[in-house]
Each structure stands twice: as C-alpha cells, then as structure tokens.
Amino acid sequence: MNQGTLQSLLVEDADKKRLEELRAFVIYHNHRYHTLDAPEITDDEYNAAFQELLRLEERHPEWRSPDSPTNRIGGQVLSSLETKAHTRRMYSLDNVFDAEEWQGFLKRLDNAQEGLEHAFWCDPKMDGLALELVYENGRFVEALTRGDGEVGELVTEAMQTVRNLPKVLHGDAPERLEVRGEVIFRRRDFALLNERLRKENLKTFANPRNAAAGSIRQLDTSVTASRPLRFLAYGFGDVRFGGVQPWSTYEEVMGRLRDFGFETPPGGRLCRGSEEVEAYYASLSEKRESLAYEIDGVVMKLNDLEAQEALGYTARAPRFAVAWKFPAQQATTLLLDITVQVGRTGVLTPVAELEPVNVGGVLVSRATLHNEDEIRNRDVRIGDRVVVQRAGDVIPEVVRAVLSERAPDSQPFVFPHVCPSCGQAASRLEGEVAWRCVNVSCPAMIRQSLAHFVSKAGLDIEGLGQRWIELLVASGRVKTPADLFTLRVDELLHYERMGVKLATKFVDSLDRAKKEATLQRLLCALGIRHVGEQTAKTLAATYADMDVLRAASPEELQNLPDIGPEVASSIKAFFDDEPNVALLARLRELGLWPVRQEAAVASMPVGPLAGQKILFTGSLSIPRSKAQQMAENAGAEIAGSVSRRLNLLVVGDEPGSKREKAQALGIRIVDEAGFLALLQADNEVTASSSENAAQDSE
C-alpha cells in the first residue's frame, strides 16, 4: 500500500468517525431543544454542527443513514397523497360541556361496569391534526392522518421534516408500535408564520389547526420543512411485544412514550376521583390563554387499561374517555335575517343569517337559533346586534341580543306555523319544542332524506351528491329512495351538464349499491330516528331481514345491547308508518333487499365456548386481544364486566376483584391453562368432524 492510499484511508476513517460523532451530537441536542425545551448549546453551535454533518454526508452519500437528522430538510415533491387503512381504528371523542354532563359520563361508566375506580389520566386537548406514527423495531417507518378513522392519508415524507419527531426510539422498543398524537403549532410560531406569509403576499391561516393540517398535507415537503411544526404524543394503537405487554395503566403509557423520546401534552397528570378532575379542568381553563399552545378542553381517559378494554367503543368513540370542552368563544355581529329550514324528519329549524364574523378563527355567516321557544326566550330580532358563539368550539349559535343597541322600531320574529317548502300546516306535538312538517311529499323533506340515503352515512352511492338530488326532486322524477333505482341513462341526458359518461356512471353506481348494500347500511340509510351506525349493526346481526325486524316487539328490541325504550319505540313507529311500509315493499321489488349473511353465521366455530359470555381478568402470558380473538373464534362472546349473564371468567395473575365477584355469583372460573384446554377440546371436535366428513365423501 503506497503512502497516498494510506493517507486517503486515514482521512476517510477520520471522516466516518467525525460523522458518527456529529450525528449523535445533533440528535441529542435536537431532542434537548425540540422535545425537552431545555437547550444546552446556542443556535449558532447547533447550526454549525448540523452544516458540518450535512457536508460530510454529501461527500460520502454511502454513509447517509435513513434516521439521520439531515433527512428532515424535506424537498421531495409528491404527485398525490396515498391512503392506507389503520391497523386499529382511530376514534373520535365524545364531549361534555359542564360538570353535570361530566357526572353523567361517570354514571354511565358505573352502570356499565361495577366497582370501577374513578382514576383518570388527564391532559390538555390539543387543537391540531391527529396523526398515527408507525415504528418497527424502534425505527420510524410511516405516518398516517386520522382520515375517516378507518383509512388515513400517508404523510411519511412530510413528517420526516418535523424537528421533534424521534426517528429512532430510545431504549428497548416493541417490534411494532403505533403512536398517536397531534401535530400542532405553538402560538408564537403560528404568529410568525402568518407574518411571513403576509410579507410574501400569500394567504394566511385562520388558526393553528388549519396551518398544521395544511402544512402536513403539502405535496412539496420542503414547504413542510420550512414550518416549525411539533408532534405531541398522547396514546397508542397497535403494539406488538415479544412478551407480555409491559404496561397496565395510561399513566405508564405516557411515561413510556416520554422515555421513547416523544414530547407529550404539557401538564398531563393522573387525577384520582371526580373532584381532582374538576380542579384540573378549572385550573387549565384559567391558564388557557397563557399556554404556549392552543387548547380547547381537557381529555380524561380511564387510567386502568383493562377497564378500557372491557368498556370498548361505540361506533364513533371510546366509552372510557371523554373530552370536557371549554366554554365557547364569542363575538358580536349583525343579525341580517332569520330563515327556516326543513330537515329530513320534517323539523322546522330557524337559522340566523349573519354579517360574517370571525369566531375562534372560523368565519361564521350562519348560526342556529334552535326553535321557536328559544327565539322567544332570547328575544332575538332581525336587525339586532347579537352575540354569537361556537358551541363546543364547533357549531355556531346565537346566544343573545345586545339590547342596548336595538333599534326602537324592531319587531319580534313571528315563527311560521306552516312549512316554508310545501306550504302545508306544521304541527307541534305535546311535550316537544319542534314544529314539524307532516307532509310526506314535502320537497324539502324528500331532498334531505334522499341526500342522507345516498351519503356516506347511508348507502354511500358514488357521484350522487346534493346538487343532483335537488335537480331530480325539483323535476318531480324522484320522490322516494326507490325512484333512484328506476333512473335510466336516456332520461338523465335531459338534465343540464349531464353527458352519457356521467349518466352511465350514475346508473352503474346505483346498480352496484343495490347489489352490494348490506342490511346494516340500509338501516342507516333509511334514517330511522335514534338508529345510528352502532344500533344498525346490532339489528343487522340479530334479524335476518327487514320483515323479521318489523315483527319484533319493543320488549324484544330492548333485550338487545344499547337499545332502550325510546329507541325501541322509534323503530316500531317507523315500521308502523304506511309510507315506510310501501317504500320497503318497493325496494324489495327493485332488488334492494339485503339479508343477514347466513353463510357467515353458519360458518362460525362451534365448540365448548359457543354461545358463552366470557371475560378475561389479570395478566396472561399472551396478549389480552389475542386471547379474546381465540375465544371469539371458538364461538364465545366477550363480556364487558362481571354479571349474572357471564358464563366463564378466565383469570391470570393478580385478577383483582372480578374473581371475588364471580365466585359470589357462582360463575365458572378457569385459569389460562384451563381456557387453552377448552380451546384444544374445541379443536379436537372440529378435527374429528372434518375426518368424518372426509370419510363420508369417500
């Protein structure tokens, strides 16, 4: 080896050693500055080290690591955002708005599960964009927006640029970890961003949440990199460990997330009992405007993860958590007019037409006035200056009139007792506050019902939006949902801006929906009062078709989960209404008559656990979710708590009070080995049946 080659190797070795030192140095100080908010060096020192690292990586691209901090610079331009399904659904949260509603939430928890400890992990409800980050063997691999909860947008490249995002987790990491949290702007960073946009004559953002969402969804990731976004972790989705899950409380979860290197919502803590929760809420409400971040409430989650799992979820939100929203933000503006809208159930709703005003970062030009009694009680009149708020920081409503500024010739608003759409007399039932149009042929009701029928909440018919519904109803061609399925391509061509391609797409979408509709989706689409997605799912799993459901008594319906007297009465009233009966008969004639999937029911495993209600408690050697899946595959139903309806309790280590309750009720109790033995017996029965079937076929 000559002297030049030796010198070159020595330089290269020194460069590599220096690169590794710089990478560790930058990662460490990046974490100190962006996550811990406790810098140890000046910005100039950090920037100098960062630039030196960048130069070395440019000189030796073969040494560049995927988790290098220089990869946060951005610059990749994407053609579009791909979508991907979440491993576990990302739910929304239900809200409460005062102490009384908070107590109601606690009461629902106690009714669902006896002896529940009122210990909650509480932290600020950040006003940002909800995201899920995926780590495999400790390395960041993927990021998805929440999307519709089931499917999100892939924003991995954009999230690579977020400064406080750990690309490699600290310490021992799971095989797979899905971290959930919020992408946000600090107040000062948001103000500086808008100031820069104004100087560049660009459109500014209305609020930090819109800025965060717009920045993460950028196709040009260099734009994302130029904005000081931060990620705050508040929970997890799927977790896969080599052994037993190492945490049992939410307090432990948040501690582990911080240990892994994540920044979490500031000020989060464990509150034991309702009084501590209420004190935490009051304290945070007072500090709200002085905090570094925009927040709109407090999130409370049961600390006990086992209790969380037992309580489960509704169609849209967990039963074990709730957001307590701060009082609505308010502004004053001019009430220009009051119009009355007709909903799909015929309810006449007064709407305030307002001079546009900014309320909590959102431009509001219309707001609800609720009903006739509310207008009278609040004495709101056209021409008044009024106080407007966003209830729960979401729905605009008129709170009151500013009486000191009222014109002397103002007149009280007279609520119409006729339908503004069809002119028929409206009615108000005793005990109700709403006036309703009872004309089943009312164009407004038809429009709203049809819009719901074809929407994502109904049959989700592609391409058939509000505008086309209005045209079809206005022409008289469509009066009921059944009429949609009789539309032909040639007659659709008479509508303005309707070509052969679009008309064919409409008819194909309707035909596909008719063939693919499930019983659950049809129940949702029909808009039965009080029947949401979860109730529709329960009904569709219980009854073979609409005929069988129609024959069910209110008492029978109330035996089903989540169905009380009011819901049962509403379902019965729907099937007792002659126009609804006629509609169902016509849908059946047209081929839209989904039935429960009997093949799926027949294929359910049969064995010792078939029809059994089973509950797990204590620590098992396998993940709880896996044990539950094994039980369900053997025909069991997973229970939420110990009650007289429970058939079997499976106990692991440290089972707690559930074991004593089960013993007192005489419920069968087995350990994990006994549970696995039951499954093995089930497998032997199945194997024997398979052998007999094979012999019969020979």
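Model, not experiment: these values are computed from the prediction.

1. Looking at the packing of aromatic side chains
Under the criterion given, the structure shown has 16 aromatic pairs. Taken together, a centroid distance of 6.3 Å and an interplanar angle of 65° make the contact between Phe-231 and Phe-262 edge-to-face. Taken together, the residues span a long stretch of sequence, with Phe-231 in strand 8 (residues 230–240) and Phe-262 in the loop between helix 8 (250–260) and strand 9 (269–272) at a distance of 31 residues. Three or more aromatic residues joined by ring pairs form one cluster here, namely Trp-102, Phe-105, Phe-120, Tyr-281, Trp-324 and Phe-326. Stacked on the ring of Trp-468, the Lys or Arg Arg-467 has its end atom at 4.6 Å from the ring centre. We note Arg-588 situated over the ring of Trp-593; from NZ or CZ to the ring centre the distance is 4.1 Å.

2. Here we look at the nonpolar core
Residues Phe-453, Leu-464, Leu-484, Leu-539, Met-546 and Leu-557 are the most contacted members of the largest nonpolar core, which totals 52 residues. Counting residues in each nonpolar core, the second largest holds 40 residues, with Leu-131, Met-159, Leu-165 and Leu-305 among its members.

3. Notes on the UniProt feature "binding site: NAD(+)" (unreviewed entry) in the protein chain
This chain's UniProt record puts "binding site: NAD(+)" (unreviewed entry) on Ser-92, Leu-93, Asp-123, Arg-146, Glu-182, Lys-301 and Lys-325. Among the structural elements, Leu-93 can be located in the loop between strand 1 (83–85) and strand 2 (95–96). Residue classification places Leu-93 among the partly exposed positions, given a relative accessible area of 26%. When sequence neighbours within four positions are dropped, the list of residues in contact with Leu-93 reads Val-299, Arg-316, Ala-317, Pro-318, Ala-321, Val-322 and Ala-323. With respect to the secondary-structure elements, Arg-146 resides in the loop between strand 5 (139–145) and strand 6 (151–153). In this structure Arg-146 comes out as partly exposed when scored by relative accessible area, which is 29%. When near neighbours in sequence (up to four residues on either side) are disregarded, Arg-146 contacts His-86, Met-90, Tyr-91, Ser-92, Ala-130, Val-151 and Gly-152.

Parameters at a glance
- Residues numbered from 1 in each chain as written.
- Predicted model: local features only at pLDDT ≥ 70, side-chain atom pairs only at ≥ 80, totals over all residues.
- Heavy atoms only, no water.
- Phe/Tyr/Trp six-rings, centres within 6.5 Å; stacked < 30°, edge-to-face > 60°.
- Helix = DSSP H or I, 4+ residues; strand = E, 2+ residues; numbered from the N terminus.
- Lys NZ or Arg CZ within 6 Å of the ring centre and 35° of its normal.
- Core = buried A, V, L, I, M, F, W, Y, C linked by side-chain atoms within 4.5 Å.
- Buried < 20%, exposed > 50% of the residue type's maximum accessible area, 1.4 Å probe, protein only.
- UniProt positions renumbered as here; feature names shortened; annotations may be inferred.
- Contact = heavy atoms within 4.5 Å.

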